[in-house]
Amino acid sequence: MSDTPLHLAPVRSREAKDFVRAWHRHHPPPAGQIFAVGAADETGTLRAVAIVGRPVARHLDDGATLEVTRTATDGARNANSLLYGAAWRAAKALGYRRLVTYTQDGESGASLRGAGWRVIASRPPRAG
């Protein structure tokens, strides 16, 4: 896709979930969320979304941790890095102390590194 500059944009839950349905490669939208953030181009067209919710893993659901449960993009360059950075700033502003996410085996994690995130654990893929 193009190198069109992107900016952060508010996105409602339904719009974020519809975007995930249309653009995510292998997962449906998550069931719930705390907040979502979007990336739009100069025309206001939504190009990517991140959905943030309670951690899926029970041992991380400590009241101080959130999880980026889904991101989706139409291919816009640097969109995920923009959204991961914004998600952390928003979570921190709401009083959360940690924000986690997961990548599948074979995904580079470049957008996470671009947003300043770091790997704290690596696990082998689970069957199914």
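Residues numbered from 1 in each chain as written. Predicted model: local features only at pLDDT ≥ 70, side-chain atom pairs only at ≥ 80, totals over all residues. Heavy atoms only, no water.

Novice: An account of the overall build of the protein chain is needed here, citing residue identities and associated values.
Specialist: Regarding its fold elements, the protein chain presents three helices and five strands. In the protein chain, the succession of helices and strands from N to C terminus is β-α-β-β-β-α-β-α. Counting over 128 residues, the protein chain shows a buried share of 41%. Long-range pairs, those at least 24 residues apart, make up 61% of the contacts in the protein chain with a sequence separation of at least 6. Carbon and sulfur atoms make up 50% of the accessible area of the protein chain, which amounts to about 8,200 Å² in all. (Helix = DSSP H or I, 4+ residues; strand = E, 2+ residues; numbered from the N terminus. Buried < 20%, exposed > 50% of the residue type's maximum accessible area, 1.4 Å probe, protein only. Contact = heavy atoms within 4.5 Å. Areas by Shrake-Rupley, 256 points an atom, 1.4 Å probe, with all protein chains shown as cover.)

Novice: Describe the pattern of salt bridges, listing the residues and the values that go with them.
Specialist: Inspection of the entire model under this criterion finds four salt bridges. The partner of Asp74 in a salt bridge is Arg47, and the shortest N-O contact between them spans 2.5 Å. Of this pair, Asp74 sits in the loop between strand S4 (65-73) and helix H2 (79-93) while Arg47 sits in strand S3 (residues 46-53); the two residues are 27 residues apart in sequence, bridging distant segments of the chain. Residue classification places Arg47 among the buried residues on the basis of a relative accessible area of 6%. (Salt bridge = Lys/Arg side-chain N within 4 Å of Asp/Glu carboxyl O.)

Novice: Account for unusual backbone geometry, naming residues and giving values.
Specialist: The backbone phi angle of Asn78 is positive, close to 65°, even though this residue is not glycine. Within the secondary structure, Asn78 sits in the loop between S4 and H2.

Novice: How would you sum up the confidence of the model for the protein chain? Please name residues and give values.
Specialist: Chain-level pLDDT for the protein chain is 87 on average; 83% of the residues reach the 70-or-more range. Put simply, helix H3 (residues 110-114) is where the protein chain has its lowest mean pLDDT, 68, and strand S2 (residues 35-40) is where it has its highest, 98. (pLDDT = per-residue confidence, 0-100.)

Novice: Tell me what's going on with the nonpolar core, and back it up with residues and numbers.
Specialist: With nine residues, the main nonpolar core is built from Val11, Ala16, Phe19, Val20, Ala36, Leu46, Val49, Ile51 and Ala72. Within the residue set of this core, elements represented by two or more residues are helix H1 (13-23) and S3. Filtering out sequence-adjacent residues up to four positions away, Val20 remains in contact with His27, Pro28, Pro29, Val49, Ile51, Arg70 and Ala72. (Core = buried A, V, L, I, M, F, W, Y, C linked by side-chain atoms within 4.5 Å.)

Novice: So what's going on with H2? Residues and values would help.
Specialist: Each α-helix turn comprises 3.6 residues. Residues three or four places apart therefore point the same way. For H2, which comprises 15 residues, the first-to-last C-alpha distance of 21 Å matches the rise-based estimate of 21 Å (1.5 Å per residue) to within 8%. Buried residues of H2: Ala79, Asn80, Ser81, Leu83, Tyr84, Gly85, Ala86, Ala87 and Ala91, and no others. Looking one or two residues past H2, Gly95 carries a phi angle of roughly 100°, positive in sign. (Expected span 1.5 Å × (residues − 1).)

Novice: A description of the sheet that holds strand S5 (residues 98-100) should follow, citing residues and the corresponding values.
Specialist: With mixed pairing, five strands are arranged side by side in an open sheet as S1-S2-S3-S4-S5. Both edges of this open sheet fall to strand S1 (7-10) and S5, since each of them pairs with a single strand only. When the angles between neighbouring strand axes are averaged without regard to direction, this sheet yields 30°. The sheet strands contacting H1 are S2, S3 and S4, and the helix crosses S3 at an angle near 115°. (Pairing = 2+ DSSP bridges. Axes fitted to C-alpha atoms, helices over the stretch in contact; angles between N-to-C directions.)

Novice: Give a description of the pairing of S3 that names residues and reports values.
Specialist: Among the eight residues that make up S3, eight are buried, leaving the element largely enclosed by the rest of the structure. In the sheet, S2 pairs with S3 via six bridges, with the strands oriented antiparallel. Bridge pairing links Phe35 to Val52 in S3. Between S2 and S3, which pair antiparallel in sequence order, lie five residues; one of them, Gly44, sits at a positive phi of approximately 90°.

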